[in-house]
Amino acid sequence: MALTTAPGATRRTGPVAPTPSRTAGRRAGLGRKVRDNLTGHTFLIGAVVCFAVFSWYPMVRGVVMSFQRTRRGETTWVGWDNYSRIIADPSFWTAWKNTFVFTGLALVLGYLVPFFVAILLNELRHAKGYLRVLVYLPVMLPPASALFLFKFYAYDPSEAGLFNAVLTALGLPTSEWMQSPTMTMPAMVIASTWMNMGGAVLIYLAALQNIPGELYEAAEIDGAGVWRRIVHVTIPQTRLILALLAMLQIVATMQLFIEPLILANGAGTQDSATSVAYLIYQHGFFQNDLNGAAALGVIMLVVLAGFSAVYLRLTARQD
């Protein structure tokens, strides 16, 4: 049966007006979204404020100060003079050399040792929890306490020192450790590795436990030994974690500061322990040269940003 329109009546073609119940439902849903977002943004604002006050503002302030000079309370703009003066200082190149040497040694020792320790712990069948606590225990010690332990107990240049006692027992010549210009960097790398490797070991262990066991079983069926299983199964399956921790290792070791400050009393014998971070500390607190310290800090920031950019570019290509 067809519907007809009465004569004189108009047909409405526009949208139907929302009913009061539908409008109330929309308002309730909108209010719920606002409350949820407000809670999330409230927590986010705290983190943003902390970053802004303690990270972003000091960074921006440091960049500004690097182009200024402050004398007797008067601040003037000097352009690139602070950078030219810092680069012309012979200690600048010595500090960068020592920092790169420390970073290279740390990549050889402090980066590889935690990985192989994690593989060893992952293969053990007994006392896993005890050994993990034992490996992570140095991380829970205050860094200053751990370094003083190395300085006065392990690195004592006499035969009473722990390492020299071990060398004497093995019939090897002893070392002066921190008093020797050639042994300063290796000694600091050993101490730093012992202090910090616990966190890396736990991260590696978590990555190793996510590797499917079928891959190792297939490798064993093919006759692969331990080393071939590590090269062809373990390393490819943990490639992303290895790359991430390598970048974090470079960034952390290039900010070398507390190790030379405590173990080598700052510069060390013949400036063998002077790092870029310690040189910033010297300019800022001993020479009262805050502008030069800011310029040196900006240079370090640029170098670390360059390493990070290279890492991001390489990982983007691999993905």
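As recorded in an unreviewed UniProt entry, the protein goes by the name Sugar ABC transporter permease, listed as coming from Micromonospora chalcea. Turning to the protein, the UniProt record has this under Sequence similarities (unreviewed entry): "Belongs to the binding-protein-dependent transport system permease family." What UniProt records for the protein under Subcellular location (unreviewed entry) is the sentence "Cell membrane".

A.B. asks: So what about the side chain of His283? Which residues, and what values?
C.D. replies: As for its placement among the helices and strands, His283 is situated in helix α13 (residues 276-286). On the accessibility criterion, His283 (4% relative accessible area) is buried. A polar atom in the side chain of His283 sits 3.2 Å from the side chain of Gln287. Discounting residues that sit within four places of it in the chain, His283 has contacts with Ile86, Asp89, Asn288, Asp289, Leu290 and Ala293.

A.B. asks: How would you summarise the pattern of salt bridges if you had to cite specific residues and measurements?
C.D. replies: For the coordinates displayed, the defined rule picks out 1 salt bridge. Across the pair Asp289 and Arg85 runs a salt bridge, and its minimum N-O distance is 2.7 Å. In this pair, Asp289 sits in the loop between α13 and α14 (290-318) while Arg85 sits in helix α2 (residues 81-88), placing the two residues 204 residues apart along the sequence.

A.B. asks: Explain the confidence of the model for the protein to me, and be specific about the residues and the numbers.
C.D. replies: Summing up the model confidence of the protein, the mean pLDDT is 83 and the portion of residues at 70 or higher is 89%. At the level of individual helices and strands, the protein shows its lowest average pLDDT in helix α1 (residues 20-65), which scores 77, and its highest in α2, which scores 91. Here residues 1-6 is modelled with pLDDT under 50, and outside its nearest four sequence neighbours on either side it reaches 1 contact, counting other chains as well.

A.B. asks: Please provide a residue-by-residue account of the pairing of strand β1 (residues 68-71), values included.
C.D. replies: The pairing of β1 with strand β2 (residues 74-77) spans 4 bridges and is antiparallel. Opposite Thr70, over in β2, you have Thr75 as the bridge partner. Counted between consecutive antiparallel strands, the loop separating β1 from β2 contains 2 residues, among which Arg72 sits at a positive phi close to 55 degrees.

A.B. asks: I'd like a description of helix α5 (residues 128-140), backed by residues and values.
C.D. replies: In this model α5 runs 19 Å from its N-terminal to its C-terminal C-alpha over 13 residues, within 8% of the 18 Å that 1.5 Å per residue would give. When the local axis directions of α5 are compared, the greatest deviation, roughly 25 degrees, occurs at Leu134, which is followed within four positions by the proline Pro138.

About the cut-offs
Residues numbered from 1 in each chain as written. Predicted model: local features only at pLDDT ≥ 70, side-chain atom pairs only at ≥ 80, totals over all residues. Heavy atoms only, no water. UniProt positions renumbered as here; feature names shortened; annotations may be inferred. Helix = DSSP H or I, 4+ residues; strand = E, 2+ residues; numbered from the N terminus. Buried < 20%, exposed > 50% of the residue type's maximum accessible area, 1.4 Å probe, protein only. Polar contact = N/O pair within 3.5 Å; in protein donor to acceptor, adjacent residues only side chain to side chain. Contact = heavy atoms within 4.5 Å. Salt bridge = Lys/Arg side-chain N within 4 Å of Asp/Glu carboxyl O. pLDDT = per-residue confidence, 0-100. Pairing = 2+ DSSP bridges. Expected span 1.5 Å × (residues − 1). Bend = angle between axes of the 7 residues up to and from the residue.

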